[in-house]
Amino acid sequence: MKIKYMLLSVSCLMALPLIQAQADPIPLVNGDFSANGTAKVFFWDSTGAQTSLIPGWTPTGPGAAINYDLGGAYVGNSGVQTSGNYGGAEHLFLDSYDPAVYQTTAYTIASGDQYTLDINVSGEWAADGNHNTTLSLYYLDGSTRVVFASDSFNTPNAWAWTPEVLTGTAPGAGVGDLIGISIQNSTPEGLPTSNADSYTAYGSVVLSSVAVPEPASIALFGLGGLALLAFRRRA
């Protein structure tokens, strides 16, 4: 009987790493977009130069949307602002004519780990009422962002948050490199001069990792389970 309980205890200990496998948050800079308080801030100024006023986030290129707040020039119309529709919280807003924004974290990719990006999305305006968003996970190879997971999804005009999730595992080539995320309002529209651009809001960006158990650990767990079953049959 004592041996039986000992094997039961060993089996439980073997199962513990699997049971305790949970998502560990990866720190993001300004993941809730609150760093600018309640101010409305753009990624570019009236000349089209990047402002670097929004901590943690960088556009992948120059803006193209018309910005009436900055004199009506085609310098980009994406940034952060607050809105009563989201409880007064500051959020990211992206114009469909503008490029994606990204953030490279200080987290180093580990072999076999799975990464999950959670984000709130809200469609604010689109000519046909539908918004497309593209989320991407990448690793930084030198100065090159190499995407290893990407997904696009549709969000209707709602002015309310819809949670979206992207999950991916980095390839061996990315192990040891820094992980990053990219967000793009990829709604297809006409030329910027047609003023048919769409606006999509984003909030509460969370990136996390889950350590995938090694095959050897799973094998030990299986052996422990088989031993327990054998003693149960004898009993």
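Going by the structure above, here's the rest.
Residues numbered from 1 in each chain as written. Predicted model: local features only at pLDDT ≥ 70, side-chain atom pairs only at ≥ 80, totals over all residues. Heavy atoms only, no water.

1. Notes on the overall build of the protein chain
Formally: Comment: elements are numbered from the N terminus, with helices defined as DSSP H or I runs of at least four residues and strands as E runs of at least two. Contact criterion: two residues are considered in contact whenever any of their non-hydrogen atoms come within 4.5 Å of each other. Values of accessible area rely on a 1.4 Å probe in the Shrake-Rupley scheme; residue burial ignores everything except the protein chains shown.
Within the protein chain, the regular secondary structure consists of two helices and twelve strands. Reading the secondary structure of the protein chain in the N-to-C direction produces α-β-β-β-β-β-β-β-β-β-β-β-β-α. At a minimum sequence separation of 6, the contacts of the protein chain that also span at least 24 residues come to 73%. Here the protein chain displays about 11,700 Å² of accessible surface, and carbon together with sulfur accounts for 59% of that area.

2. Topic: the environment of Ala149
Checked against the element boundaries, Ala149 lands in strand 9 (residues 144-156). Each residue touching Ala149, except ones within four places of it in the same chain, is listed here: Leu135, Ser136, Leu137, Leu166, Thr167 and Gly168.

3. Overview of the packing of aromatic side chains
The relative placement of two aromatic rings is captured by the distance of their centres and the angle of their planes. The condition is simple: Ring pairs are drawn from Phe, Tyr and Trp, using the six-membered ring of Trp, whenever the two centres fall within 6.5 Å, and their geometry is named by plane angle: stacked under 30 degrees, edge-to-face over 60, tilted for the rest. Relative accessibility under 20% of the residue-type maximum defines a buried residue, over 50% an exposed one, and the middle range a partly exposed one, all with a 1.4 Å probe and only protein chains included.
In total, this model carries six aromatic pairs according to the counting rule given. Arranged with centres 6.4 Å apart and planes meeting at 70 degrees, the rings of Tyr102 and Tyr138 form a pair that is edge-to-face. Residue Tyr102 is found in strand 6 (residues 101-108), and its partner Tyr138 is found in strand 8 (residues 130-141); the two are separated by 36 residues along the sequence. When sorted by exposure, Tyr102 lands in the same class as Tyr138, which is buried. Relative to Tyr115, the ring of Tyr107 lies with its centre 6.0 Å away and its plane at 75 degrees, an arrangement referred to as edge-to-face. Judged by its relative accessible area of 0%, Tyr115 is buried.

4. Thoughts on the nonpolar core
Put simply, the rule reads: Working definition of a nonpolar core: buried Ala, Val, Leu, Ile, Met, Phe, Trp, Tyr and Cys residues. They are joined through side-chain atoms within 4.5 Å.
Residues Trp57, Leu92, Leu137, Phe148, Ile183 and Val205 are the most contacted members of the largest nonpolar core, which totals 31 residues. For this core, the secondary-structure elements that each account for two or more residues are strand 5 (90-95), strand 7 (114-125), strand 8, strand 9, strand 11 (178-185) and strand 12 (199-210). A total of four residues in this core trace back to one element, the largest contributor, which is strand 7. Discounting chain neighbours no more than four positions away, the residues touching Ile183 are Trp57, Leu92, Leu94, Ala100, Val101, Ile119, Thr134, Leu135, Tyr202 and Val205.

5. Quick notes on the sheet that holds strand 3 (residues 58-59)
This is how it is decided: For two strands to be treated as a pair, DSSP must find at least two bridges joining them.
Judged by pairing direction, the sheet is antiparallel, and its five strands sit side by side in the order 3-6-11-8-9 without closing on themselves. Two strands bound the open sheet, and with one partner strand each, they are strand 3 and strand 9. Pairing analysis gives five bridges linking strand 6 to strand 11, with the strands arranged antiparallel. Of the residues in strand 11, the one forming a bridge with Val101 is Ile183.

6. What to know about the side chain of Thr200
Spelled out, the test is: By the criterion applied in these results, polar contacts are pairs of N or O atoms within 3.5 Å in which, for protein atoms, one can donate a hydrogen and the other can accept it, and in which residues neighboring in sequence qualify only through two side-chain atoms.
Mapping Thr200 onto the fold places it in strand 12. Assessed through its relative accessible area of 0%, Thr200 is described here as buried. Among the polar contacts listed, one links the side chain of Thr200 to the side chain of His131, at a separation of 3.0 Å. Ignoring any residue separated from it by four or fewer positions in sequence, one finds Thr200 in contact with Leu92, Phe93, Leu94, Val121, Ser122, His131, Thr133 and Asn185.

7. Examining the pairing of strand 9
Relative to strand 9, strand 8 runs antiparallel, the two being bridged by twelve bridges. Within the sheet, the bridge partner assigned to Tyr139 lies in strand 9 and is Val146. Linking strand 8 to strand 9, which pair antiparallel, is a turn of two residues; within it Gly142 sits at a positive phi near 70 degrees.

8. Digging into unusual backbone geometry
Notably, Ser52 is not glycine yet its phi reads approximately 60 degrees, a positive angle. With respect to the secondary-structure elements, Ser52 resides in the loop between strand 2 (41-42) and strand 3. We note that Trp159 has phi near 55 degrees; this positive angle belongs to a residue other than glycine. Position of Trp159 relative to the elements: it lies in the loop between strand 9 and strand 10 (162-169). Of the residues examined, Trp159 reaches a relative accessible area of 38% and is grouped as partly exposed.

9. Focus on the pattern of salt bridges
Defined as follows: Only one rule defines a salt bridge in this text: a Lys or Arg side-chain nitrogen within 4 Å of an Asp or Glu carboxyl oxygen.
Taken as a whole, this structure holds one salt bridge when the rule is applied. For the salt bridge of Lys40 with Asp69, the shortest nitrogen-to-oxygen distance reads 3.6 Å. Taken together, the residues span a long stretch of sequence, with Lys40 in the loop between strand 1 (24-26) and strand 2 and Asp69 in the loop between strand 3 and strand 4 (79-82) at a distance of 29 residues. Residue classification places Lys40 among the partly exposed positions, given a relative accessible area of 40%.

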